[in-house]
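Structural features, examined
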Amino acid sequence: MVQSESIFRLDGVTRRFGALTALDDITFEAPQNEYISLLGPSGAGKTSLLRVIAGFESPDVGRIHFLGRDITDLPAHKRGIGFVFQNFALFPHLTVFENIAFGLRNGIDDIADAQIGDRVREMVDLVGLSGLEDRVPDQISGGQKQRVALARTLVMQPKLVLLDEPLGALDANLRGRMQTELRQIRERLNVTFLHVTGSETEALAMGDTVAVLDRGRIIQSGTPEQIHDTPSSSDVALFLNRFNLFDGKLSADAFHGPFGPVPAANVCQNPTDIYAIRYDRTKAFRKGDTLPGPALPARFLASEYLGSSVISFFETADHKQVEVDHHLSFGDPDNYKVGEEYVLSWDPRHAIVFGQEAAA
Ligand SMILES: Nc1ncnc2c1ncn2[C@@H]1O[C@H](COP(=O)(O)OP(=O)(O)OP(=O)(O)O)[C@@H](O)[C@H]1O
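Parameters and conventions
Residues numbered from 1 in each chain as written. Predicted model: local features only at pLDDT ≥ 70, side-chain atom pairs only at ≥ 80, totals over all residues. Heavy atoms only, no water. Buried < 20%, exposed > 50% of the residue type's maximum accessible area, 1.4 Å probe, protein only. Helix = DSSP H or I, 4+ residues; strand = E, 2+ residues; numbered from the N terminus. Near = heavy atom within 4 Å. Polar contact = N/O pair within 3.5 Å; in protein donor to acceptor, adjacent residues only side chain to side chain. Areas by Shrake-Rupley, 256 points an atom, 1.4 Å probe, with all protein chains shown as cover. Nonpolar A, V, L, I, M, F, W, Y, C, P; charged D, E, K, R; others polar. Salt bridge = Lys/Arg side-chain N within 4 Å of Asp/Glu carboxyl O. Expected span 1.5 Å × (residues − 1). Contact = heavy atoms within 4.5 Å.

Attention now moves to helix 1 (residues 46–54). Of all nine residues in helix 1, seven are buried, a share of seventy percent or more. When we look at burial in helix 1, the residues that qualify are K46, S48, L49, L50, V52, I53 and A54. Trailing helix 1 by a residue or two, G55 shows a phi angle of about 100°, which is positive.

Set out below in structure tokens:
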């Protein structure tokens, strides 16, 4: 496969607000024609990063390149980068058609009415808004507003679209549907989408590339599989919300945790010693069962059905909550009794051990 060149590149970008460093020396290159998810907790700097790329903010230090050109000093309206706001920011008094046409009518280029009509109709079709052209935003649903916001950006034919929590205002059902649609629309137009989200599920489901932002730094980027299977630090593992994390001490080739010493197979450099085992690798056994690895006694609290899997919550003697994710494709889940003691165990080869003493 030919390696695609980057659509944008950030070189040492730093943005400060007074004493606060919102973006801290970010160097990142984004591939063309991909769906990129930018995942991070609240306050990580996700919106700041989008605003700097869009040109609504200037970096204090560093340069921004877009399609091979340094755009750091170029005003936002000359960058040719699209932005979809979380609250959609539609003009309430304009129809769906005129909201979508707005950028074409008021842009730098003088575009004939007939051509504007053609381009708007093409977008209306693409995002599935046919028949709603004459309504105003108050007369359409949240999902339809989201489509207008997207169409209004895409009609300008940007090569890069920045989407700030685009599904945040939608209910869970619609969010799932729009995830698929956003991916399909992007593929049809061959543009790059940079989608900001605080949801690890959304980031992993949507991104061809996922970049994880924490305290103003990109701490890992890769395919969803790489991020999911091999988080590079305990912080990434924590954001993914798919790992049981245990404090302890890594020494020689063993991790000493609340389950005693366990051989450490996959070891990663990290500022603190933490043992990570995925929810779906953790199993609950009855006392006396043969275990695949360490033994961690825990009391069953409750289960939650999530469609394709059942998550069971257990509590250890030191009041730590541990999750067990049983995928229903592996058969029916066990019926645990609330308050009863079980033994949690896993194959230690599936664990990731983060430690100060690991080789960098
Ligand atoms: N204009 C501003 N003035 C001062 N501080 C700001 C400004 N904009 C952002 N910040 C601060 O910069 C940090 C990063 O903010 P940002 O909005 O980029 O985070 P975020 O990851 O998008 O968060 P969220 O998911 O909650 O929207 C925060 O601590 C925020 O308070």
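Right, picking up where we left off after that structure.
So, about unusual backbone geometry. Peptide bonds are, in most cases, trans, and in most cases residues other than glycine have a negative phi. You will see that Q157, though not glycine, has its phi angle at about 55°, which is positive. Mapped onto the secondary structure, Q157 falls in the loop between helix 4 (142–154) and strand 7 (160–164). The phi torsion at A252 lies on the positive side, around 50°, for a residue other than glycine. Looking at A252, the relative accessible area reads 72%, which means it is exposed.

Let us look at the site of the ligand. If you check the shell around the ligand, you find F17, L20, A22, P41, S42, G43, A44, G45, K46, T47, S48 and E165 and nothing else. Within the side chain of S42, an N or O atom sits 2.6 Å from an oxygen atom of the ligand. Here an oxygen atom of the ligand and a side-chain polar atom of S48 are 2.6 Å apart. Calculation on the ligand without its partners gives an accessible area of 630 Å², and the protein chains cover 56% of this total. Contributing elements (two or more residues each) for the shell around the ligand: strand 2 (20–31) and helix 1. Among the residues forming the shell around the ligand, the class breakdown is five nonpolar, five polar and two charged.

This part covers the pattern of salt bridges. Counted under the stated rule, the structure contains 20 salt bridges. In this structure, D208 and R183 form a salt bridge, with 3.3 Å as the shortest nitrogen-oxygen distance. With D208 in the loop between helix 6 (200–206) and strand 9 (209–214) and R183 in helix 5 (residues 172–189), the pair connects residues that are 25 residues apart, well separated along the chain. Relative accessible area serves as the criterion here: at 26%, D208 is assigned to the partly exposed category. Since its relative accessible area comes to 23%, R183 is described here as partly exposed. Look at the salt bridges and you will find they share partners, linking R15, R51, E57 and D60 into a network.

What follows covers the side chain of S233. Within the secondary structure, S233 is located in the loop between helix 7 (224–229) and helix 8 (234–240). Of the residues examined, S233 reaches a relative accessible area of 14% and is grouped as buried.

Taking 1.5 Å per residue as the helical rise, helix 4 with its 13 residues ought to reach 18 Å, and the 18 Å between its terminal C-alpha atoms agrees with that figure. Counting buried positions along helix 4 yields ten of 13 residues, so the element is predominantly enclosed. Of the residues making up helix 4, those classed as buried are G143, Q146, R147, V148, A149, L150, A151, R152, T153 and L154. Against strand 6 (81–84), helix 2 (96–105), helix 3 (113–126), strand 7, helix 5 and strand 8 (192–197) lie the buried residues of helix 4.

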